[in-house]
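# Summary of structural features
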Amino acid sequence: MPLNEEMKKLLEQRGISGISDPPGKIKIYVENESDLLKLPQEINIAGVSVPVQGIVSGRFLALQLDRKSMLRPAPGGCSIGHYQITAGTLGSRVFDSMTRKRLILSNNHVLGNSNLGKIGDPIYQPGSVDGGMSSSTIATLERFVTIIPEENLVDAALANPLNDADLSDEILDIGIVTNVKECSVGQTVAKSGRTSGYSEGGITDIYATIKVYGYPFPDEYAIFKDQVIVSPAIGQPGDSGSLVVDADDKSSAVGLLFAGSDTLTAVNKITNVCNLLNIDFSSALPPSPPASRSNIMIAALPFIFAVPAFLFKPKKR
Amino acid sequence: MVSLSEAVSIAQKQFLGIEGITGIGMAEGRIVFYVTNMEAVQKIPSNFMGYSTSYIITGRFGVL
């Protein structure tokens, strides 16, 4: 029902926080008990006197979380990082397809320190550049897909929360993601990141092979195949690890943000991420039998090459 | 004539090692070259294996 003039005037008054008009009465929310005295006993709506019920609610404030602060439970879109890096973004909670355990998804260069991390290393939330320290440890490094100079599909890693209750199912400004979908050129996508928050862009390419600098040093690059390009850019430094979702169906993941140029953002396909890490987004799925895991060897590779720093010879330009 | 995706794969192998070419993909039936600056544009063919090419000056891609 639209607000009538009397209700509008009431809402403009100091101390009145809100009005609700369920059938048969009017509820008026006020900041303080003293504000109750300002309320009329009844309000006339379309010629009918309706009784007023006053409720002391205090002031309503927009709820805005600081993405760079310590958040428990920690949602997707907030600051996180391996203890030896600055900070990236907690992408999303995901499920291990075999054990159904809830895990944290982000990039290898965020959770795995670009191959240099060891399984079990502490993961800070927020990341160290945002004030994270040992007391901010939310998880330990679980596994990652090793990045090699010549050819990669994903920059992805998982962390295992110390306490399951410390990980939220939600992503800030996006909500809960429950499934994945293939992406397509022209599709509008969205992400929620530690630095630039919520933003949207359009997919312009789903078959790109690109050189990405920063593995692990600024002048060393690794090649990534089968990448999604988004324009205009939706990521800034610190947004790495953000989950990318379909903007028209935010429960569906399409990618994992990991890199960008001055004008574009590069995103791993989420299908590749899920296949290589053996994860999914649905709490309803049953555990998959180990025998059916064709990619179990790939998922185990990070353990085999857990300390590959001496082998890792990125290309230099 | 090879398919566009095959042509893109071949172009990726042939051109990605060239200074200034930072990525190769496809869009709207063309092969797209991502380049760091105008100098690199001179190294891009106007068509490749029967497909038109286009370019986007992106600068380098780096981890975020």
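Provided above is the structure to which this section pertains.
Everything in this summary refers to the structure shown in the same document. Each chain carries its own residue numbering, running from 1 in the written order of its sequence. Key to labels: chains lettered from A, ligands numbered from 1, both in the order written. This being a predicted model, a pLDDT of at least 70 is required before a residue's local features are given, and a value of 80 or more before pairs of side-chain atoms are given or counted; all residues contribute to the totals for chains, interfaces and linings. Computation of side-chain values covers all heavy atoms of the structure but excludes hydrogens and water.

Attention now goes to the overall build of chain A. Runs of H or I in DSSP of at least four residues are treated as helices and runs of E of at least two as strands, each being numbered from the N terminus. Secondary structure summary: chain A contains four helices and 23 strands in total. For chain A, the proportion of its 317 residues judged to be buried stands at 53%. Residue contacts follow a heavy-atom distance rule, with two residues in contact if any of their heavy atoms lie within 4.5 Å. Here the analysis covers contacts within chain A between residues at least 6 apart in sequence; of these, 63% occur between residues at least 24 apart. In these tables, accessible area is a Shrake-Rupley quantity obtained with a 1.4 Å probe, and a residue counts as shielded only by the protein chains included in the view. Only carbon and sulfur atoms are counted for the fraction: they give 55% of the accessible area of chain A, which is about 13,800 Å². Accessibility here uses a 1.4 Å probe with only protein chains present; expressed as a share of the type maximum, an area under 20% marks a residue as buried, one over 50% as exposed, and anything in between as partly exposed.

All right, on to the pattern of salt bridges then. All names here are of chain A. Salt bridge, as used here, is a side-chain nitrogen of Lys or Arg placed within 4 Å of a carboxyl oxygen of Asp or Glu. As enumerated under the stated definition, the model contains 13 salt bridges over all chains in all. The shortest N-O distance in the salt bridge between aspartate 169 and arginine 93 comes to 2.7 Å. With a gap of 76 residues between them, aspartate 169 in strand S13 (residues 167–171) and arginine 93 in strand S8 (residues 92–96) connect regions that are remote in the sequence. A salt bridge links arginine 143 to aspartate 96; the shortest N-O distance between them is 3.0 Å. Taken as a pair, arginine 143 in strand S11 (residues 137–144) and aspartate 96 in strand S8 lie far apart in primary sequence, 47 residues in all. A relative accessible area of 6% places aspartate 96 in the buried class. Several salt bridges converge on common partners, so that one network encompasses Arg93, Arg102, Asp164 and Asp169.

Let us now look at the environment of Asp35(A). Locating Asp35(A) in the fold gives a position in the loop between strand S2 (26–30) and strand S3 (42–45). Taking C-alpha positions, Asp35(A) is 9.7 Å from Ile55(A), a pair spaced 20 residues apart along the chain.

A surface patch of nonpolar side chains, about 280 Å² in accessible area, is lined by Met38(B), Tyr55(B) and Ile57(B). Of note, Met38(B) is situated in helix H2 (residues 38–41). Candidate patch residues must exceed 30% relative accessible area and have no salt bridge, after which like charges are joined if within 9 Å and Val, Leu, Ile, Met, Phe, Trp or Tyr side chains if within 5 Å.

For a regular strand, the rule is simple: side chains alternate between the two faces of the sheet. Residues and elements named next belong to chain A. Among the six residues of strand S16 (residues 188–193), five are classified as buried, and the element is accordingly described as predominantly covered. When DSSP finds two or more bridges between a pair of strands, those strands are recorded as paired. Alignment of S16 against strand S17 (residues 197–213), held across six bridges, turns out to be antiparallel. From the neighbouring strand, valine 189 faces S17, where its bridge partner is glycine 201. Alignment of S16 against strand S19 (residues 243–246), held across three bridges, turns out to be antiparallel. Along S19, the bridge assignment pairs lysine 191 with valine 244.

As a further point, take unusual backbone geometry. Residues and elements named next belong to chain A. Along the chain, arginine 72 connects to proline 73 via a cis peptide bond; the corresponding omega equals 0 degrees. Structurally, proline 73 can be placed in the loop between strand S4 (48–56) and strand S5 (74–76). A cis amide bond links serine 231 to the next residue, proline 232, at an omega of -5 degrees. Take proline 232: it is sitting in the loop between strand S18 (220–231) and S19. We note that serine 114 has phi near 50 degrees; this positive angle belongs to a residue other than glycine. Note on placement: serine 114 falls in the loop between helix H2 (108–111) and strand S10 (122–124). Its identity is not glycine, yet aspartate 226 carries a phi of approximately 60 degrees, on the positive side.

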